[in-house]
Amino acid sequence: MSIRKRVLGMFLTLACIILPGPVTALVLDGKVIDGKDPVEGARVRIHGDAIFVLTDAQGEFHLSTPVEAAGSIVVTAGKLGWVTGGVKITKNTSYTTIVITPVPDEDDPDYDFITPHKSLVDLRDEPDQLRKLRMRSHATYRENCNICHFEPTCFLCHRDIYDQWSTSFHSQSVTDPWVQQLYTGMDAEGSQNTGPGYRIDNPNDVGNCADCHAPSAAINAPGKTDLRVVYNRGVTVYPTSIGYKSTERTEIEKKAGSVNASGVHCDFCHKIKSVEVNDRPGVDGAIALTRANMKDVPGTIQGKLPTMFVYGPFDDVVDFSPVSIQAVTSPMVASYNPIYTSSDYCSACHQHRSDNGLPLINTYEEWKNSPYAEASIECQACHMQPDLEMARGTVVTGDAEKYWAPIESRDMETVKRHDFLGGHKNMMAGAAALRIETRQDNGQLRVRIGVENVNTGHHIPTGIAIRNMLLLVTPVLASGDTLEFTGQNVVPEYGGMGPVESGNYAGYPGKGFAMVFGDDEGNSAVMDWQATRILEDTRIEAKTTDISEYFFKLPATPSPISIHTHLIYRRAYKPLADIKKWELEDIPVSSDVTVITMK
């Protein structure tokens, strides 16, 4: 067959499969069973649709919903603790039965986590032959991924989500230089014993950092996993380029644990069965996994691609193609789990107290006590916002989009971004608002500033204690001169000692916002593992306002005065950044220029 005819056939096939047909009402009765007995409380819907119904005590359901039917319709059934199932029907079907199976009870400690990166194995000796097979497979559906791909990866089917995740702090929780330098005591130039380092202070204790930063490595040794070892083993074979790898290369990466160097990665997160809200970090007492061995589960299809089990927030993810007319099966099976839309899920690593009770990371508890929790606004609402940039509402993109994306676009609000923005300029901008009031009296200018936490569902700043925010107040005359400061509220030492031009604002009119730890030797702004007490906590709670006042001497000659107020966010204390030779970015939060006329 000519290439032209082949391409034409491809488009005709696509048109038959994905072009919408007339809108009609689907009225369907049916039953959900486990192969024998009825399953109560299963969520039944058209694949990708927003409307669902629950099965009754007899496992029966009645579904009535509009549907654009051009061919087959996929009806799915999902329930917590069960592998999601489904069937293909036509618009004229009036009754159907859906079989679902329980998720295995036991967690398999021998499970090998799947790499998120593109790590496809070339099973053909001749690259030209492989290229031809891929072209034919992707063009006509007559052959599927099994022909070329030996190992499934997250990148393969979730390209957009992978690209977002790969820019996140989650993906860099092992490899981020700041993390490693705080753990080992190095600086940015590789000098040893420079500034604070957990292993310097605790040479005989590896600590529990890996329980959140490298959870797939730490799961087998909670509280006893060396984060530097995870880095050294993984990064030496860490994927540095996108392309095909040999079977030998893949085995080397797997044995070295390069997937562990991927930090908080896809396959780990989607193996989380439940989270116990407590003060333990990650896999050391908060997270329960199901690393399911699907080989023995009835109904799962075994082929060249090993079956991969995941939990997720959707109850309609099936292991057969909803669009292809061929018998294309997915390497992934899924189970609905509502915890993925709950802040409790995030608490696993964003709520942690030290053995002496200090809140090392208290973000979840801050949220829990905020108006956001009262209004049922979960962490995911802000940190996993809907991906409105995507052309269609689907989490399946890349090589597999033609096979797995719903015929109907999902509700865009349910398709969440995976870059998990936190202390990022896009999130911090406008997180707090400024209110400026002035008064002139007896030759003095009083500036009263309110800083309101308007858009953050927890304290601002939050996270580890070195996060801080600085308020800078500068009244400027028309001549460009600044007014003489006569007040007492100034930026503390963690704002930086030295020239202002270098970003050192200690002693500058303003204020610092941070939770500052101290130790038993009288040191201030120490690291969390060194802390024995909280010296101060000036952070701003959600929907509350901090008020501070600043006094300046008015000039003898009347002049317009421009009061420049800036609120900036920093990911670390300035003195710490100087010691570690880090490039510290001043992230703008809010600013204001108020112009007054002297009386």
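Conventions used here
Residues numbered from 1 in each chain as written. Predicted model: local features only at pLDDT ≥ 70, side-chain atom pairs only at ≥ 80, totals over all residues. Heavy atoms only, no water. Buried < 20%, exposed > 50% of the residue type's maximum accessible area, 1.4 Å probe, protein only. Helix = DSSP H or I, 4+ residues; strand = E, 2+ residues; numbered from the N terminus. Pairing = 2+ DSSP bridges. Phe/Tyr/Trp six-rings, centres within 6.5 Å; stacked < 30°, edge-to-face > 60°. Lys NZ or Arg CZ within 6 Å of the ring centre and 35° of its normal. Core = buried A, V, L, I, M, F, W, Y, C linked by side-chain atoms within 4.5 Å. Contact = heavy atoms within 4.5 Å. Axes fitted to C-alpha atoms, helices over the stretch in contact; angles between N-to-C directions. Arc of directions from axis to C-beta. Polar contact = N/O pair within 3.5 Å; in protein donor to acceptor, adjacent residues only side chain to side chain. pLDDT = per-residue confidence, 0-100. Disulfide = S-S within 2.5 Å.

Enquirer: Residues and numbers for the pairing of strand β21 (residues 515-518), please.
Expert: Every second residue of β21 is oriented toward a common face, with Met-515 and Phe-517 on one face and Val-516 and Gly-518 on the other, all of them buried. Bridge count for β21 against strand β22 (residues 533-537) is four bridges, and the pairing is antiparallel. What sits directly across from Met-515, in β22, is Asp-537.

Enquirer: Residues and numbers for the packing of aromatic side chains, please.
Expert: If you walk through the whole model with that rule in mind, you get 13 aromatic pairs. With centroids separated by 5.0 Å and ring planes inclined at 85°, the aromatic side chains of Phe-155 and Tyr-162 adopt a geometry described as edge-to-face. For the pair shown, Phe-155 and Tyr-162 are each scored as buried. The interplanar angle of 40° and the centroid separation of 4.7 Å between the aromatic rings of Tyr-340 and Tyr-345 together place this pair among those described as tilted. By relative accessible area, which is 9% here, Tyr-340 ends up buried. Residue class for Tyr-345 comes out buried when judged on its relative accessible area of 16%. An aromatic cluster of three or more residues is present, and its members are Tyr-111, Phe-113 and Phe-268. A cation over a ring is seen here: Arg-410 above Phe-314, with NZ or CZ 4.1 Å from the ring centre. Over the ring of Trp-178 we find Arg-571, and its NZ or CZ is 4.6 Å from the ring centre.

Enquirer: Run through the nonpolar core, naming residues and quoting values.
Expert: Ala-214, Leu-227, Phe-268, Ile-272, Ile-287, Leu-289 and Phe-309 are the most contacted members of the largest nonpolar core, which totals 38 residues. Among the elements that line this core, the one with the most residues is strand β12 (residues 308-312), at four residues. Setting aside residues up to four positions removed in sequence, Ile-287 forms contacts with Phe-268, Ile-272, Ser-274, Val-275, Gly-282 and Ala-348. Formed by 27 residues, the second largest nonpolar core is a distinct cluster that contains Leu-434, Ile-460, Ile-540 and Tyr-550.

Enquirer: Please provide a residue-by-residue account of the pairing of strand β2 (residues 43-46), values included.
Expert: Burial along β2 is two-sided: the residues Arg-43 and Arg-45 and Val-44 and Ile-46 are all buried. As defined by bridge partners, β2 adjoins strand β3 (residues 53-54) across two bridges and the pair is classed as antiparallel. From the neighbouring strand, Arg-43 faces β3, where its bridge partner is Leu-54. Count of turn residues in the β2/β3 antiparallel hairpin: six residues, of which Gly-48 carries a positive phi of about 85°. As judged from the four bridges shared by β2 and strand β5 (residues 73-78), these two strands associate in the antiparallel manner. When the sheet's bridge partners are listed, Val-44 is paired in β5 with Ala-77.

Enquirer: Please give an account of the sheet that holds strand β7 (residues 85-89) that cites residues and values.
Expert: Ordered by their spatial adjacency, four strands build an open sheet running β3-β2-β5-β7, and the pairing between neighbours is antiparallel. Pairing within the sheet leaves two strands with one partner each, and these edge strands are β3 and β7.

Enquirer: Lay out the sheet that holds strand β18 (residues 468-477) in plain terms, naming residues and giving numbers.
Expert: Read from one edge of the open sheet, four strands run β20-β18-β24-β25, paired in antiparallel fashion. Strands at the two margins of the open sheet, each flanked by one partner only, are β20 (510-513) and β25 (587-597). For this sheet, the mean angle separating the axes of adjacent strands, direction not counted, is 10°. Bridging between β18 and strand β24 (residues 560-570) involves ten bridges; their strand directions are antiparallel. Residue pairing for β24: Leu-477 is matched across the bridge by Ile-561.

Enquirer: Report on helix α9 (residues 227-235), specifying residues and quantitative values.
Expert: Of all the positions in α9, only Leu-227, Val-230 and Gly-234 are classed as buried. The buried residues of α9 occupy an angular sector of 55° when the element is viewed end-on, so they sit on one face. Among the residues of α9, the N-terminal cap falls to Asp-226, whose side-chain oxygen and the backbone nitrogen of Arg-228 are separated by 2.9 Å.

Enquirer: Could you give an account of the confidence of the model for the protein, with specific residues and numbers?
Expert: Averaged over all residues, the pLDDT of the protein is 87; the fraction at 70 or higher stands at 84%. The model gives residues 139-144 a pLDDT under 50, and that stretch makes 18 contacts with residues more than four places away or in other chains. Confidence over residues 300-304 falls short of pLDDT 50; this stretch has nine contacts with residues more than four positions distant or in other chains.

Enquirer: Describe in detail helix α5 (residues 177-184), supporting the description with residues and values.
Expert: α5 sits mainly inside the fold: seven of its eight residues count as buried. All of the buried residues in α5 are Trp-178, Val-179, Gln-180, Gln-181, Leu-182, Tyr-183 and Thr-184. Elements that come into contact with the buried residues of α5 comprise α6 (198-201), α7 (210-213), α9 and α18 (574-580). Capping the start of α5 is the job of one residue whose side-chain oxygen sits 3.0 Å from the backbone nitrogen of Trp-178: Asp-176.

Enquirer: Tell me about unusual backbone geometry, and please be specific about residues and values.
Expert: Here the amide bond leading from Ile-460 into Pro-461 is cis, since omega sits at -5°, within 30 degrees of zero. Of note, Pro-461 is situated in the loop between β17 (444-453) and β18. Positive phi values are uncommon outside glycine, yet Lys-543 reaches one of about 60°. By the element assignment, Lys-543 lies in the loop between β22 and β23 (545-553). Looking at Lys-543, the relative accessible area reads 44%, which means it is partly exposed.

Enquirer: Outline the side chain of Thr-474, listing residues and values.
Expert: Checked against the element boundaries, Thr-474 lands in strand β18. On the accessibility criterion, Thr-474 (14% relative accessible area) is buried. Reaching out from Thr-474, the side chain makes a polar contact with the side chain of Tyr-508 at a distance of 2.5 Å. Once residues lying within four places of it in the same chain are set aside, the contact partners of Thr-474 are Thr-482, Tyr-508, Ser-562, Ile-563 and His-564.

Enquirer: Tell me about the state of the cysteines, and please be specific about residues and values.
Expert: For the coordinates displayed, the defined rule picks out one disulfide. Between Cys-212 and Cys-349 runs a disulfide, and the two sulfur atoms are separated by 2.4 Å. With the S-S dihedral at roughly -105°, the linkage between Cys-212 and Cys-349 falls on the left-handed side. With Cys-212 in helix α7 and Cys-349 in helix α12 (residues 343-350), the pair connects residues that are 137 residues apart, well separated along the chain. A residue is classified by how much of its surface remains accessible, and Cys-212, at 14% relative accessible area, is buried. In this structure Cys-266 is not part of a disulfide, and its nearest cysteine sulfur, from Cys-154, lies 3.8 Å away. Its sulfur unpaired, Cys-346 is 4.1 Å from the next cysteine sulfur, which belongs to Cys-379.

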